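Now for the letters of each chain:
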Amino acid sequence: MSVIVVPLTESFAAEIGDIDLSQPVAPSDLATINEAFAKYAVLIFPDQRLSQGQHLEFAKLFGPLETTIGVYRKDAPLRLPTELADVSNLNHENEVLGKESRVRLFQLGNRLWHTDSSFKRVPARASLLYARTIAPVGGHTEFADERAAYDALPEEMKRRIETLVAEHSIFNSRARLGFTNFSEEERREMPPVPQVLVRTIPESGRKSLYLASHAGRIFGMSEADGRALIDHLIAHATQRQFVYTHRWRVNDLVMWDNRCTLHRGTEFDDLRWKRDVQRATVCDVANSCEQEGVAIAAA
Ligand code: OGA
Ligand code: MN
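Summary of the structure given here. This structure is a prediction, so every number in the text was calculated from the model and none was measured. (Residues numbered from 1 in each chain as written. Chains lettered and ligands numbered in written order. Predicted model: local features only at pLDDT ≥ 70, side-chain atom pairs only at ≥ 80, totals over all residues. Heavy atoms only, no water.)

1. Notes on the site of ligand 1
Move 1: Taken together, the residues surrounding ligand 1 are Val87, Asn110, His114, Asp116, Leu129, His140, Thr141, Trp256, His263, Gly265, Arg275 and Arg279.
Move 2: Between ligand 1 and the protein, one listed contact pairs an oxygen atom with a side-chain N or O atom of threonine 141 at 2.6 Å.
Move 3: For the shell around ligand 1, the class distribution of residues is three nonpolar, six polar and three charged. (Near = heavy atom within 4 Å. Polar contact = N/O pair within 3.5 Å; in protein donor to acceptor, adjacent residues only side chain to side chain. Nonpolar A, V, L, I, M, F, W, Y, C, P; charged D, E, K, R; others polar.)

2. A word on helix α2 (residues 52–60)
Move 1: Turning to α2, its buried residues are His55, Leu56, Phe58 and Ala59. Axial view of α2: buried residues confined to an arc of 160°, hence all on one face.
Move 2: Close packing links the buried residues of α2 with α1 (27–40), β3 (42–45), β4 (84–86), β5 (124–133), β13 (253–257) and β15 (276–283). (Buried < 20%, exposed > 50% of the residue type's maximum accessible area, 1.4 Å probe, protein only. Helix = DSSP H or I, 4+ residues; strand = E, 2+ residues; numbered from the N terminus. Arc of directions from axis to C-beta. Contact = heavy atoms within 4.5 Å.)

3. Here's the deal with the coordination of the manganese ion (ligand 2)
Move 1: Taken together, the protein ligands of the manganese ion (ligand 2) are His114 (NE2), Asp116 (OD) and His263 (NE2), with distances of 2.1 to 2.2 Å.
Move 2: Binding-site remark: the manganese ion (ligand 2) is held by donors from one chain whose sequence spacing is H-x1-D-x146-H. Of this pair, aspartate 116 sits in the loop between α3 (102–107) and β5 while histidine 263 sits in strand β14 (residues 261–265), and the two are 147 residues apart along the sequence. An identical accessibility class is assigned to aspartate 116 and histidine 263; each is buried. (Donors = N, O, S within 2.8 Å, 3.2 Å for Na, K, Ca; no water.)

4. Regarding the pattern of salt bridges
Move 1: The full count for this structure, using the stated rule, is 24 salt bridges.
Move 2: Where arginine 240 meets glutamate 142, a salt bridge forms, and the shortest distance between an N and an O atom there is 3.2 Å. With arginine 240 in the loop between α8 (223–237) and β12 (243–246) and glutamate 142 in strand β6 (residues 141–145), the pair connects residues that are 98 residues apart, well separated along the chain.
Move 3: Taking relative accessible area as the criterion, glutamate 142 reaches 8% and is therefore assigned buried.
Move 4: With a closest N to O distance of 2.7 Å, arginine 227 and glutamate 223 form a salt bridge. Of this pair, arginine 227 and glutamate 223 both sit in helix α8, four residues apart, which is roughly one turn of that helix.
Move 5: Overall, the relative accessible area of 30% leaves arginine 227 in the partly exposed class.
Move 6: Take glutamate 223: its relative accessible area is 42%, and that puts it in the partly exposed class.
Move 7: Beyond isolated ion pairs, a larger network of salt bridges with shared partners links Arg125, Glu203, Asp257 and Arg259. (Salt bridge = Lys/Arg side-chain N within 4 Å of Asp/Glu carboxyl O.)

5. Overview of the pairing of strand β2 (residues 14–17)
Move 1: Burial along β2 is one-sided: the face carrying Ala14 and Ile16 is buried and the face carrying Glu15 and Gly17 is not.
Move 2: Bridging between strand β1 (residues 4–7) and β2 involves four bridges; their strand directions are antiparallel. Paired with proline 7 across the bridge in β2 is alanine 14.
Move 3: Once β1 ends, the chain turns through six residues before running back antiparallel as β2, passing alanine 13 with a positive phi of about 75°. (Pairing = 2+ DSSP bridges.)

6. As for the environment of serine 11
Move 1: Note that serine 11 resides in the loop between β1 and β2.
Move 2: Residue classification places serine 11 among the partly exposed positions, given a relative accessible area of 30%.
Move 3: Once the C-alpha coordinates of serine 11 and tyrosine 130 are considered, the two residues, 119 residues apart in sequence, prove to be 23 Å apart.
Move 4: Non-local contacts of serine 11, meaning those with residues more than four positions away in its chain, are made with Lys39, Tyr40, Asp145, Arg147 and Arg206.

Okay, structure coming up:
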């Protein structure tokens, strides 16, 4: 038995079948998965029965894991081990978060187009999100192909943004929702970081936009000009032709390449339904400016 790859479109998103991720993955299967990841950027592994440990073991095949930024929030005890980001709407007693819960307001940031951990100096390479409980309606996850979005840009725009660097901060995306209630300590622990706007993915050689709602100003531009350009590019990059919508089934594991995709969660009645999705996150190798050899403009 060897793993099978069923593309959902010619170059974006594929289902991976005939593999049980609770068992050790054969080297040839891992090679097939890596190849598919380089080509399709979003991989769906349906019907996996994974313990938290097995989820983490599989994720570690792709590199070292991040620690969740939940550790910086001192307001609520964590429900999950620190290697898993809790993307659910549940508290540590597995109850639905209240309307005014600070954790809930923070999580609403996932409804904005973003890529994981671009606000960290070394951002995330891959995310592996596993659904244990889903809402009966809504709560999909949309993914946008930033390589295709880059390819579709006018040449003049490609030239203009080639060496631009944006400043990313978790507080930018939260401020977009009017959520600014952070302590000095929280702000100190997650300082803004530089990231390029355009990057090349080494495994495929494809160029990609690198955007997120975490992006704020662009170095060398006025605050307003920079923000307007980022909003323009995000609007371009999330047009329907670049988007795959994942409708979850329980026990789906979805793995995506944060270097060349945007994603966002869609609406659901989160005060009523439980949605328990948990994420293992694989670190990238370096800051994107370092990888691209772009000098970081002085702040
Ligand atoms: C994430 C995320 C969106 C969702 O896990 O990083 O943004 O639909 N998830 O839960
Ligand atoms: Mn995310």
